Amino acid sequence: MPGHDIHIIGGGLAGSEAAWQLAQAGYKVRLSEMRGSGEMTPAHQSDRLAELVCSNSFRSDDADSNAVGLLHQEMRALGSLILTQGDIHKVPAGSALAVDRDGFAEGVTAALEQHPNITIVRERVDTLPAEGRTIVATGPLTAPMLAESIGRATGKDSLAFFDAIAPIVHRESIDMETAWFQSRWNKGSGKDYINCPLSKKQYLEFHAGLMAGEKTEFREWENVPYFEGCMPIEVMAERGVDTLRYGPMKGVGLDDPRTGRWPYAVVQLRQDNASGTLWNMVGFQTKLKYAEQVRLFRTIPGLENAEFARLGGLHRNTFLRSPELLDGTLRLKSAPNIRFAGQITGCEGYVESAAIGMLAGRFAAAELAGTDLPAPPRETALGALLSHITGEAEIETYQPMNVNFGLFPPIEGRTKKADRKRMYTDRARAALKDWLAA
Ligand SMILES: Cc1cc2nc3c(=O)[nH]c(=O)nc-3n(C[C@H](O)[C@H](O)[C@H](O)COP(=O)(O)OP(=O)(O)OC[C@H]3O[C@@H](n4cnc5c(N)ncnc54)[C@H](O)[C@@H]3O)c2cc1C
């Protein structure tokens, strides 16, 4: 790449932000984007950079009590192009940051086109470059040939094709007066799972709710076959009233401490992060509509007040087993000339993808300058997200994840629930300030 310091593949949310950070630091960037060269992904509709494929919302802009609002604030502090253009093209949406999608994407495209350090090339890249600094930011809909090349470079099983996800619950919102810790047949430590018991009546009502619940309709391109091992619960429910009770909801080998007996049915939750703040509903992948999931899952004893860090969903998605493949600065351990950024690393959402693009760009800029950029502290939203992707997450259950307080180190000591979010965000601001000063 004569004349360029770094090659970025993919001009979505992450690639655009990475390009901006590098260009602002004085480095010459070649940005390859396949849209505009006669290619299109199944979800995009234009050739603009940073096109929003679905909603126009960057979610909450509340930096005091919301993790994504905090992430907005941190990104603004670091000169984010995506947040700058988001603010310019803001539309009324209560406490959320929502944007005029066309104006936003046009603004990002114009800023990158006009930057003297950026050359945008409309081309599809089919193989991972063997040499030269590269950032791959091709998103959940990475073109198939490049996806194959990444698969070859990362090992056969390293590129996951993601079909269904199960909801994740904040541990502190589970009622442990009703639920209890126990592994089936007391295996492992004997207490590895949280169990929520259902009586026969509760189970039958739950089954009926699943059958009646409104499901998401898929566009044709999302009509992928289900894998037997990852069947949505409502599809299992359709197979018979007892299918779930002999599947993910079986109560055998679990002794409800309140009755001393096995429950008629059970919902199990498995720890999802190292600090134990997030718990995954085992086998509960679903394509029920979000509001329906919240309503129905809160009928489960112990989950009446459940707060969800992520709801279930079903769509085609490509992402890496990043916690084992990437180092702390998002480089591929087996080929450190290559960094990954955006949703392909296993973060979820426009803002998170841009945030990881921002970090990839900054890490690469530091490397080009011959210096080391320490990772942002884990107490910050940027640091919490980065550390989840690059090592903290459980690899066996690794799935795309929005930023949320469950990724942050827990606040020690007893605190009022009402105060806790503010404590997370105050701590994050102080940590970011120190990091920026250093
Ligand atoms: C159907 C769908 C709906 C979604 N809805 C939402 C939502 O409502 N809210 C939300 O926050 N998130 C949503 N997401 C997640 C969303 O994809 C990410 O949040 C975000 O767009 C990912 O950013 P990215 O930069 O990693 O990837 P993208 O924004 O997808 O950018 C990747 C870019 O790489 C290009 N590219 C791919 N392969 C190649 C190649 N071989 N050569 C050159 N260029 C290539 C693509 O054309 C694209 O421009 C949705 C995702 C999907 C798939």
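Preceding this section is the structure that the text describes.
Below you will find a few notes about this structure. (Residues numbered from 1 in each chain as written. Predicted model: local features only at pLDDT ≥ 70, side-chain atom pairs only at ≥ 80, totals over all residues. Heavy atoms only, no water.)

The strands that make up a sheet pair up through hydrogen bonds in the backbone, lying either parallel or antiparallel. Strand order in the open sheet formed by 3 strands is S3-S5-S4, and the pairing between neighbours is antiparallel. With one partner strand each, in any of the chains shown, strand S3 (57-60) and strand S4 (90-91) form the two edges of the open sheet. Summarising the sheet, S4 and strand S5 (residues 96-99) pair through 2 bridges and their orientation is antiparallel. The partner of Val 91 across the bridge, within S5, is Ala 98. (Pairing = 2+ DSSP bridges. Helix = DSSP H or I, 4+ residues; strand = E, 2+ residues; numbered from the N terminus.)

Moving on, we come to the sheet that holds strand S10 (residues 180-181). Spatially, S10-S11-S12-S13-S9-S14 is the arrangement adopted by the 6 strands of the open sheet, whose pairing is antiparallel. Every other strand in the sheet has two partners, leaving S10 and strand S14 (308-310) as the edge strands with one partner each. Sheet topology note: the strand S9 (residues 168-170)/S14 ladder contains 2 bridges and is antiparallel. Across the sheet, residue Ile 168 finds its bridge partner in S14, namely Arg 310. Contacts between helix H6 (residues 200-212) and the sheet are confined to strand S11 (193-198) and strand S12 (265-271), with S11 contributing the most and set at about 95° to the helix. (Contact = heavy atoms within 4.5 Å. Axes fitted to C-alpha atoms, helices over the stretch in contact; angles between N-to-C directions.)

Attention shifts here to the packing of aromatic side chains. Counting across every chain of the model gives 13 aromatic pairs. The interplanar angle of 35° and the centroid separation of 6.4 Å between the aromatic rings of Phe 206 and Phe 297 together place this pair among those described as tilted. Placement of Phe 206 in helix H6 and of Phe 297 in helix H8 (residues 290-297) is noted, with a sequence separation of 91 residues between them. Assigned by exposure class, Phe 206 and Phe 297 land together as buried. Taken together, the ring pairs connect Phe 206, Phe 284, Phe 297 and Phe 308 into an aromatic cluster. A cation over an aromatic ring shows up here: Arg 245 above the ring of Tyr 264, its NZ or CZ 4.0 Å from the ring centre. (Phe/Tyr/Trp six-rings, centres within 6.5 Å; stacked < 30°, edge-to-face > 60°. Buried < 20%, exposed > 50% of the residue type's maximum accessible area, 1.4 Å probe, protein only. Lys NZ or Arg CZ within 6 Å of the ring centre and 35° of its normal.)

Honestly, that's just the spatial picture; any functional story needs more than this.
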